[in-house]
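Below are the chains, spelled out letter by letter.
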Amino acid sequence: MHTRYRSAWGRSLPVGLIAFLLLALVVGPVWGMPQEADPEYRTLPFISSRVLMWAVAELHLMFAAFVLAVPIFALVIEFIGYKTGDKRYDQLAYDFTKLLSVSFSFTATLGALLTFGLLVFYPALTQYLVKIFSWTFLPYALLFFLEAFFLYAYYYGWGKLPPRLHLFIGVMLNLVGTAIMFIANAWLTFMNTPNGIDDMGNLTSLWEAINNYTWMPINIHRLIANVAFGGAIGAAYGAFKFLGAKTLEAKAHYDWMGYIGIFVAICALLPLPFAGYWLGVEIYAYDQSLGITLMGGTFSWLFIVQAVLIGNLFLAANYYLWLSMARIPGAERFRRFIKYLLGVITLCFIVWATPHSLVATVEEARAMGGSHHPILNVLGVMSAKNTAVNLLILTTYVSFLLYRRANKEATVSWAKTGNWIQFGIFAAVVIYVVFLGVYGYFVDAQTRIGLSQPQVLSVLFAMISVTVIDIFLFKNAKSRGEIVWGKISARSQYALFFLAITFTWLMGLMGYVRAGMRQHWHVYGVVRDTSVDAFTPTLGFAGGVVSAIVIIFFLLIAIVFFLAGLSGRKDWKPKSGSRWAQEEASTSTAPA
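What comes next is a walk through the structure. (Residues numbered from 1 in each chain as written. Predicted model: local features only at pLDDT ≥ 70, side-chain atom pairs only at ≥ 80, totals over all residues. Heavy atoms only, no water.)

Describing a nonpolar patch on the surface
Phase 1: Taken together, V378, V430, V434, V438, Y441 and F442 make up a surface patch of nonpolar side chains, about 520 Å² in accessible area.
Phase 2: In this fold, F442 is placed in the loop between helix 16 (415-439) and helix 17 (445-450). (Patch = residues over 30% accessible without salt bridge, like charges linked within 9 Å, V, L, I, M, F, W, Y side chains within 5 Å. Areas by Shrake-Rupley, 256 points an atom, 1.4 Å probe, with all protein chains shown as cover. Salt bridge = Lys/Arg side-chain N within 4 Å of Asp/Glu carboxyl O. Helix = DSSP H or I, 4+ residues; strand = E, 2+ residues; numbered from the N terminus.)

Brief notes about the packing of aromatic side chains
Phase 1: For the structure shown, the criterion picks out 35 aromatic pairs.
Phase 2: With centroids separated by 5.8 Å and ring planes inclined at 85°, the aromatic side chains of W420 and F423 adopt a geometry described as edge-to-face. Of the two residues, W420 and F423 are both situated in helix 16; the distance of three residues between them amounts to about one turn of the helix.
Phase 3: A residue is classified by how much of its surface remains accessible, and W420, at 57% relative accessible area, is exposed.
Phase 4: Summarising the aromatic geometry, the rings of F553 and F554 are spaced 5.4 Å apart at their centres and angled 85° between planes, so their arrangement reads as edge-to-face.
Phase 5: By relative accessible area, F553 is classed as buried at 0%.
Phase 6: Taken together, the ring pairs in this structure connect Y94, F104, F144, Y152, Y154, Y155, Y156 and W158 into an aromatic cluster.
Phase 7: The ring centre of F535 lies 4.7 Å from the NZ or CZ of R50, which sits over that ring.
Phase 8: Here K251 stacks its cationic end above the ring of F242, 4.4 Å away from the centre of that ring. (Phe/Tyr/Trp six-rings, centres within 6.5 Å; stacked < 30°, edge-to-face > 60°. Buried < 20%, exposed > 50% of the residue type's maximum accessible area, 1.4 Å probe, protein only. Lys NZ or Arg CZ within 6 Å of the ring centre and 35° of its normal.)

Here we look at the packing of helix 5 (residues 123-156) against helix 6 (residues 163-192)
Phase 1: As a packed pair, helix 5 and helix 6 sit with axes 9 Å apart at the nearest point and diverge in direction by 165°. Between helix 5 and helix 6, the crossing angle belongs to the class labelled roughly antiparallel. Relative to helix 6, the crossing made by helix 5 is left-handed.
Phase 2: For the contact of helix 5 with helix 6, the class distribution of residues is 27 nonpolar, four polar and one charged. (Axes fitted to C-alpha atoms, helices over the stretch in contact; angles between N-to-C directions. Parallel < 35°, antiparallel > 145°, perpendicular 65-115°, else oblique. Left-handed = near helix turned anticlockwise from the far one by under 90°. Nonpolar A, V, L, I, M, F, W, Y, C, P; charged D, E, K, R; others polar.)

Structure (C-alpha cells):
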C-alpha cells in the first residue's frame, strides 16, 4: 500500500513543481526590484494587477453565489421529502448538497486570495475601506465560521441526525449565508453609491454607509440571481451525470435532477428583470450621470450583449421544456402551440437585441441620415424593450403551464370556464403591456420610466392569478400516464449545459458593468483611481477577460463535479494479475 501512496505523490509532484515555477516566474522578479516605503499601488511584471484581481474577485463571487444558492433549494427539496415521506426528494437534495463541500473550499481560498491581493496591490484603497467598515469585519468572520460549521454539519449529518434537527441546521445555514452576503454587498455597493461620509470622505454613520442607495436592491437582485445561477449549475451536474449514466434507473434520477435544477433556475429567472429595474432606478436616483454612463454611455453596447444572452436563456429554457414534454404521455396535444410560442419568443428576442444606434461606416450613416436607423430606431428604446421582456416572461410561463398540465385532464365541472378565464387574463395583460409600450413613445422620459412598473405588476398578476386558478382547475385531475423520467433526448442535456454557461457568462459581464461604471474612481466621487489602470477597458478586452474567467470557472466546477461523483463509486480494487493484486494477495495470506 505504501507503494501506491508513493506513486500518487509521484504524480502530484510535477503538478506542484509546475505551480511553484509559475508562481516564482510571476512573483520572483518583484523580489529583486527596489520597493517603495508606502506605495499607493503595487504592480506585477507580466500581468496587470487589475486584471488579476478582476479574475480572482469574479471567480470568488461565482463560487460564493453557488454555495449560497444550493442550500436554499436543497433545503426546500429536503423539506418536501420530509413532509411527503418520498425518499427520492431526500436523495435529490443530498445529491445537490454533495457539490457544496469542495465548492466551499474554493470559495474560501479565492476569498483569501482576494483579500491578500487587495492588501498587496491596492493598499491605500484597502486602508480606506477598512477605516469605513472595520466594525463589520468581526461579525463577518464569526458568520463565516458559523457557515463552515453549519455547512459541514448539514452535509456530514445527512441521515445521521434526526430529520427536524437536520432541517434546522439547513435553515441556519441559509440564514448565516444570506447575512454574509448582505455584509459583503455593503462593501461593494458603497464603492458605487457611497453614503454616510462627509465631504472629506470621513465616516459619519456606519449604518448609512451600509444602507446606501444600492445595498438593498443588490441584496435582492443577488439573492434571486444566485438561486437562478445555482439551479443552472445544479442542472448541468444532472446533465453531466445523465450523459454518463449506464442504467435506466440512473438516467431517470439524473433526468429528474436536471429538470428540478432548471425549474429552480427558470422560477428565479422570471422575476430577476424586475429586481434589475429596481437596481437601475436606485442608481439613477443616486446620481443620474452614473445611470447614463451605465445605460446610455460607455456600457450601452454591453447591454445589447446582455439582451442577446438573456434572450438565449429564455430561448434555451423554452427549448428544454418543449423537449421535456416528450417524456409525458398526453403532451402531444400541445405540440401545435410550440410554433406560435417560438414565433413570439423570436420576435421579442429581436426587439430586445435591437440597438438604438448602429455602428456604421460613413457611407451607411449618410444613407441612414445619422447613426440611427430610420425604422429600427423605434425598437431601440426602453418602451420597446420593456414590452419585449415582459412578453418573453409571459411566453415562458405559458410553456411551463403547458408542461405542467401535459398529462392531466381537468375533471371539475367548471373546467371550460376556468380555461377561458385564464385565456382572458393572458389576453388582457398582453394588450395592456403592449398598450403601455406604445404609449411610452408619446410621453416624457420620467413618465415613460414610470410605465415599467404597471407593466411588471400586470405580468406578475397574470402569473399568480393563472397559477392559483390552475391549482384548483387540476385538483383531482385525471392522469393520462406517469412521466417517464429518463426518456428524453441528449439534446435537452446539452441545452442545460448551454444554460449554465450562459448564466455564468452573463453574471461575469454584469459584474464588470457594476464595477466599470465607476470609471476612474475606486469609490465613486470619493477615492480616485490614480493607478496606471485608471481607464475603462474596451468592450472587446473586457469580453475576452470575462470569457477567460468563465472558462476557468468551468474547469474548477468540473473538478467539483468529478469529486462529487466519486462518492457514488465502488471502492477501488486492483485488476486481477496486477502488481497491486499480487501484493494484496500476499498480504492477506501472510501469517499474522
